[in-house]
Amino acid sequence: MSDPAGLALVACDLGVTLGARRVLDGVSLSIRTGEFVCLVGPNGGGKTTFLKVALGLLAPDAGSMQVLGGSPDRARRRIGYLPQRKAFVRDFPATAAELVLANRSGAWPLRIGGRDREQARAALSRVGGEPLLDRPLAGLSGGETQRVFLARALVIEPELLLLDEPTAGVDAKGREEFLELLAEVAARDDLTAVLVTHHLAAVQRLADRVAYLDGRLLAWGPPQEALGGLEARGAFQTGDHERPVLCEED
Amino acid sequence: MSFDFLAEPLAQGFMRRALLAGTVLGGAGALLGVFIVQRGLAFLSDGLAHATFGGMALGLLVGASPDHALWVALPFTALVAVAIGAVRRGSGLGSDVATGVFFALAFALGVLFLGLRPAKDSLNVEALLFGSILAISPDVLLAMLIVASLTTVALALAWSRLAYATFDPELAALSGVPVAALEHLLLVLTALVVVVGVKTVGVILVSAFIVIPAATATLLARTLAGIGALAVILGVVGSALGLVLSYHLNAASGATIIVTLAAAFFAALFLRRG
């Protein structure tokens, strides 16, 4: 169940320090249910760190984040997560079906029965990956791998989908196909999603709103508005973005 | 293979005890090895074997007999395993680096402990380094059976979650798998199997029981469950065959077992390439 205010994620003055570096500082934004948000910005700008806080893998040292109406830890099993393309240990004998089912049950399947197999098939068919069902992950292309990982994320029927540069390391054709798939799935399933990306095409095709992070939140709003100033000013300026109402209540 | 080939060695009581010890260690080590090999931790089992030397030496220093020193080495090596895990997680250093530090330290402590013993107490250090499966005492055999049973039950219960954490610790943690606790479990079980294995083939060769059957099975099987089943079969049969061969060839038993396991590995490598 999402927050009654219709907000899937609320960050208030969020700050994270890793080692000696302030990775996120004073970041406040709210994401509405059903909204598709793209996080953009330079490498090291805190985009992945923002996702890790949302997943409960990192604790902020300042401010707070609410996900699906509660703490990130409590929301974890309601979040679908698609990591950057993974470099697999080739020896690990994982198939697409096993990966999908592992996320559903929280354990690697020892053997796959008929019912499990149908559930894995159904999840993969949502992303056009049904032919990959019994394929070893080690033999898949970059685009195919991310398709399987998207099925893995969707199999738990997530209320929020977090995608961390899913097309990094994927060739141009694979990237184009994956973005098309993501647009199709987002529209069909009315997903609430946060996508970290470096690709303008992804922003233009998918985003309802865009956040530009470079340690601080430098721009935040609809794509035209948030990105429009970039070319005109040569860089994003500190945005006088609207602070989420829920932050004031804290 | 004639009936006498098996019956003659097994007519001897010490050979029956050795066969039980070898097959129990071969099976439990191989099952554990599935995760050790998949996680790229082969050096860890080798490092823990050297740490066992420190634990055995400490046992001897406090007055235990060579057999009873095992009961000091078990917690000592388990502590070293936990320390390796803690340093690896806390420092961000690789597992090989943390293992390298503790393996050298524990071995050095072993040398110092032995030096502190009264000069009148003689000790066969060679037996400690190379083991003697033919001279397994009932006490050590009992310890082996306990450790092997514990290892098998723990791995069977944790198999699916351990597999998920082995595939990807971050994704497993997000799915609710207790990744850190499972890593500690794996390290402690490895320490226990290594310590009892040291009495069989010694400090130098014991990690072969863990690494070689699992590596061989990884070359041949297509699923994790298949790798586990095949590794156990290879560990048990390889140990038994090596022991019987050593009897007929009048060769060192531990070394012959390891050579037999390694022969299966190279045959699998050849088959896979062919």
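Just above, that's the structure.
Residues numbered from 1 in each chain as written. Chains lettered and ligands numbered in written order. Predicted model: local features only at pLDDT ≥ 70, side-chain atom pairs only at ≥ 80, totals over all residues. Heavy atoms only, no water.

**Regarding the pattern of salt bridges**
Residue and element names in this part refer to chain A. Note the cut-off: Any Lys or Arg side-chain nitrogen found within 4 Å of a carboxyl oxygen on Asp or Glu counts as a salt bridge. Here a helix means four or more residues in a row that DSSP labels H or I, a strand means two or more in a row labelled E, and each is numbered from the N terminus.
Tallied over the full model, the rule gives 22 salt bridges over all chains. With its nearest N and O atoms 3.1 Å apart, the salt bridge here joins Glu157 to Arg126. In this pair, Glu157 is assigned in the loop between helix 5 (142-154) and strand 6 (160-164) and Arg126 in the loop between helix 4 (114-125) and helix 5, connecting sequence segments 31 residues apart. Via salt bridges that share partners, Arg126, Glu157, Glu184, Arg188 and Asp189 belong to a single interconnected network.

**Description of the environment of Thr197 of chain A**
Residues and elements named next belong to chain A. Formally: Per-residue accessibility, obtained with a 1.4 Å probe over protein chains only, is compared with the maximum for each type, and a residue is labelled buried under 20%, exposed over 50%, and partly exposed between these values. In what follows, a contact means two residues having at least one pair of non-hydrogen atoms within 4.5 Å. Polar contacts, as counted here, are pairs of nitrogen or oxygen atoms within 3.5 Å of one another; within protein the pair requires one atom able to donate a hydrogen and one able to accept it, and residues that are adjacent in sequence qualify only if both atoms are side-chain atoms.
Here Thr197 lies in the loop between strand 7 (193-196) and helix 7 (200-206). Residue classification places Thr197 among the buried positions, given a relative accessible area of 4%. Through-space distance from the C-alpha of Thr197 to that of Ser141 is 20 Å; in sequence the pair is 56 residues apart. If near-sequence neighbours (up to four positions away) are discounted, Thr197 is found in contact with Cys38, Leu39, Val40, Ala202 and Val203. Among the polar contacts listed, one links the side chain of Thr197 to the backbone nitrogen of His199, at a separation of 3.0 Å.

**Some details on the interface of chain B and chain A**
Definition in use: Once two parts are put together, the accessible area they lose, assessed with a 1.4 Å probe and summed over both, is termed the buried area. Only Asp, Glu, Lys and Arg are considered charged in this grouping, and only Ala, Val, Leu, Ile, Met, Phe, Trp, Tyr, Cys and Pro are considered nonpolar; every other residue, Gly among them, is considered polar.
Contacts between the two partners involve 21 residues from chain B and, on the opposite side, 24 residues from chain A. Between chain B and chain A, the buried area comes to about 2000 Å², and carbon and sulfur atoms account for 64% of it. Applying the counting criterion to the chain B and chain A interface returns one salt bridge. The salt bridge partner of Glu170 of chain B is Lys52 of chain A, with a shortest N-O separation of 3.3 Å. Where chain B meets chain A, there are five residue pairs in polar contact (both at pLDDT 80 or more). When contributions to the side of chain B that touches chain A are tallied by element, the ones reaching two or more residues are helix 7 (138-167), helix 8 (169-174) and helix 11 (224-249) of chain B. For the side of chain B that touches chain A, the residue count by class is 11 nonpolar, six polar and four charged.

**As for the pairing of strand 8 (residues 209-214) of chain A**
Residues and elements named next belong to chain A. Rules: Between any two strands, pairing holds if DSSP finds at least two bridges.
With five of six residues buried, strand 8 lies mostly within the body of the structure. Both strand 8 and strand 9 (residues 216-221) contribute to a ladder of five bridges, which runs antiparallel. Each residue of the ladder has a partner; that of Ala211, found in strand 9, is Trp220.

**Remarks on the sheet that holds strand 8 of chain A**
All names here are of chain A. This is how it is decided: For helices, the fitted axis covers only the stretch in contact; all axes are lines through C-alpha atoms, and the angles between them, taken along N-to-C directions, range from 0 to 180 degrees.
Strand order in the open sheet formed by six strands is 5-6-7-3-8-9, and the pairing between neighbours is mixed. The sheet is open, and its two edges are formed by strand 5 (79-82) and strand 9, each paired on a single side. Adjacent strand axes in the sheet meet at a mean angle of 15°, parallel and antiparallel pairs treated alike. Direction of pairing for strand 5 relative to strand 6: parallel, over a ladder of four bridges. Bridge pairing links Tyr81 to Leu162 in strand 6. Packed on one face of the sheet, helix 1 (residues 47-54) meets strand 3 (36-40), strand 5, strand 6, strand 7 and strand 8 and runs near 145° to strand 6. Its contacts with the sheet put helix 5 on strand 5 and strand 6, and the angle it makes with strand 5 is roughly 170°.

Read these as geometric descriptors, not functional statements.
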